[in-house]
Amino acid sequence: MTTNKRKDIYLTQWKPASLWQRLKISHQEKHWLLEEKSLTAKFKKQCPNLTVEILSEKWQAPLSYEKQQLGLKDNQHAWTRCIVLKCGQQNILYARTVIPNLTSGNTWFAIKKLGNKPLGEVLFNLKNITRSPFKILKRNYPWQYLEQNTIAAARYSLFKQDNQPLLLTEVFLLKI
Ligand code: PHB
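Being a predicted model, the structure only gives us computed values, none of them experimental.

Provide a residue-level description of the packing of aromatic side chains, including the pertinent values.
For any two aromatic rings, the description comes down to two numbers: the centre-to-centre distance and the angle of the planes. Inspection of every chain in the model, using the stated rule, returns 5 aromatic pairs. Summarising the aromatic geometry, the rings of Trp 14 and Tyr 65 are spaced 5.0 Å apart at their centres and angled 50 degrees between planes, so their arrangement reads as tilted. With Trp 14 in the loop between helix H1 (9-12) and strand E1 (15-16) and Tyr 65 in helix H4 (residues 64-70), this pair connects stretches of sequence that are 51 residues apart. Since its relative accessible area comes to 9%, Trp 14 is described here as buried. Judged by its relative accessible area of 1%, Tyr 65 falls in the buried class. Centre to centre, the rings of Phe 43 and Phe 172 are 6.4 Å apart; their planes meet at 50 degrees, and the pair counts as tilted.

Any chance you could break down the site of the ligand for me, citing the residues and the numbers?
Residues in contact with the ligand, as listed here, are Thr 40, Arg 81, Ile 83, Leu 93, Ala 95, Lys 117, Pro 118, Leu 119, Leu 168 and Glu 170. Within the backbone of Leu 119, one N or O atom sits 2.9 Å away from an oxygen atom of the ligand. A distance of 2.5 Å is found between an oxygen atom of the ligand and a side-chain nitrogen or oxygen belonging to Glu 170. The fraction of the free accessible surface of the ligand (280 Å²) that becomes covered by protein chains is 98%. When atoms are counted within 2 Å of each cavity's grid points, the one that captures over half of the ligand is the largest cavity. For the shell around the ligand, the elements supplying multiple residues, two or more each, are strand E3 (78-87), strand E4 (90-99) and strand E8 (164-172).

Describe empty space enclosed by the protein, and please don't skip the residues or the numbers.
Within this structure, the stated rule accounts for 1 cavity of 30 Å³ or more. In this structure, the largest cavity spans a volume of roughly 220 Å³. Forming the walls of the largest cavity are 22 residues, and the residues nearest its centre are Thr 40, Leu 119, Gly 120, Leu 168 and Glu 170. Those elements giving two or more residues to the lining of the largest cavity turn out to be helix H3 (39-46), E3, E4, helix H5 (119-123), strand E7 (151-161) and E8. Grouping the constituent residues of the lining of the largest cavity by class yields 12 nonpolar, 4 polar and 6 charged.

Talk me through the nonpolar core; I want residue IDs and the actual numbers.
Ranked by size, the top nonpolar core spans 31 residues in total, and within it Phe 43, Leu 85, Trp 108, Ile 111 and Leu 166 carry the most contacts. Among the secondary structure elements, those contributing two or more residues to this core are helix H2 (27-33), H3, strand E2 (50-60), E3, E4, H5, E7 and E8. Per-element accounting of this core gives the leading share, 4 residues, to E4. Residues in contact with Trp 108, not counting those within four places in the same chain, are Ile 99, Leu 102, Leu 123, Leu 126, Ile 129, Phe 159, Lys 160, Gln 161, Gln 164, Pro 165 and Leu 166. In this structure, Leu 63, Leu 137, Ala 154 and Tyr 156 belong to the second largest nonpolar core, which totals 18 residues.

Break down the pattern of salt bridges for me, with residues and values.
Tallied over the entire structure, the rule returns 8 salt bridges. Close ionic contact of Glu 121 with Lys 44 constitutes a salt bridge, the shortest N to O distance being 3.1 Å. One end of the pair, Glu 121, is in helix H5; the other, Lys 44, is in helix H3, with 77 residues separating them in the sequence. For Glu 121, a relative accessible area of 31% gives the class partly exposed. Among the residues examined, Lys 44 registers a relative accessible area of 36% and is labelled partly exposed. The closest approach of N and O atoms between Arg 155 and Glu 170, which form a salt bridge, is 2.7 Å. Of this pair, Arg 155 sits in strand E7 while Glu 170 sits in strand E8, placing them 15 residues apart in sequence. You can call Arg 155 buried: its relative accessible area is 2%. Of the residues examined, Glu 170 reaches a relative accessible area of 8% and is grouped as buried.

Definitions and limits used
Residues numbered from 1 in each chain as written. Predicted model: local features only at pLDDT ≥ 70, side-chain atom pairs only at ≥ 80, totals over all residues. Heavy atoms only, no water. Phe/Tyr/Trp six-rings, centres within 6.5 Å; stacked < 30°, edge-to-face > 60°. Helix = DSSP H or I, 4+ residues; strand = E, 2+ residues; numbered from the N terminus. Buried < 20%, exposed > 50% of the residue type's maximum accessible area, 1.4 Å probe, protein only. Near = heavy atom within 4 Å. Polar contact = N/O pair within 3.5 Å; in protein donor to acceptor, adjacent residues only side chain to side chain. Areas by Shrake-Rupley, 256 points an atom, 1.4 Å probe, with all protein chains shown as cover. 1 Å grid on protein atoms, 1.4 Å probe; cavity = no way out; pocket = protein on both sides within 12 Å on 5 of 7 lines; lining within 4 Å. Sits in = over half its atoms within 2 Å of the grid points. Points joined across faces, edges and corners; volume = space filled by probe spheres on them. Nonpolar A, V, L, I, M, F, W, Y, C, P; charged D, E, K, R; others polar. Core = buried A, V, L, I, M, F, W, Y, C linked by side-chain atoms within 4.5 Å. Contact = heavy atoms within 4.5 Å. Salt bridge = Lys/Arg side-chain N within 4 Å of Asp/Glu carboxyl O.

In structure tokens:
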């Protein structure tokens, strides 16, 4: 299958975090978008009743930037967890975690059993992980569950443990 790379917003529009001002991101948004510590912990300060709703957890075809970041072949599927973080009834964050080869020998295997526990509670307690600088985006997402015409700020970064990758993308659903 050929993909039209010019139209592929996932591939072309992510920017390094240093260019946040070009994306019409406010100082307030930047404060959230570029938070390096646990976002869950930061949200919890404002919302004690924070919950994780799992949208899907399955092997699926990655999006083009995910494929590129993870060095996957065209038809290679990866284990993907999609969740919405909620404060009461309100959706505040959409997150996609993509992990290739998530079988029992993979260093991230425990994440398969995470259930409703927020990923950050695991990630930020690990000692030997590295994290790439954020890439960011602010746009109208074609991702299904978002209301049409919602312009949302998003970020992704690549974590590695034992040289095995995990790509985490987070989309802010609240006006921050
Ligand atoms: C998750 O549980 O998958 C999760 C929770 C909060 C985040 C990212 C991922 O910020």
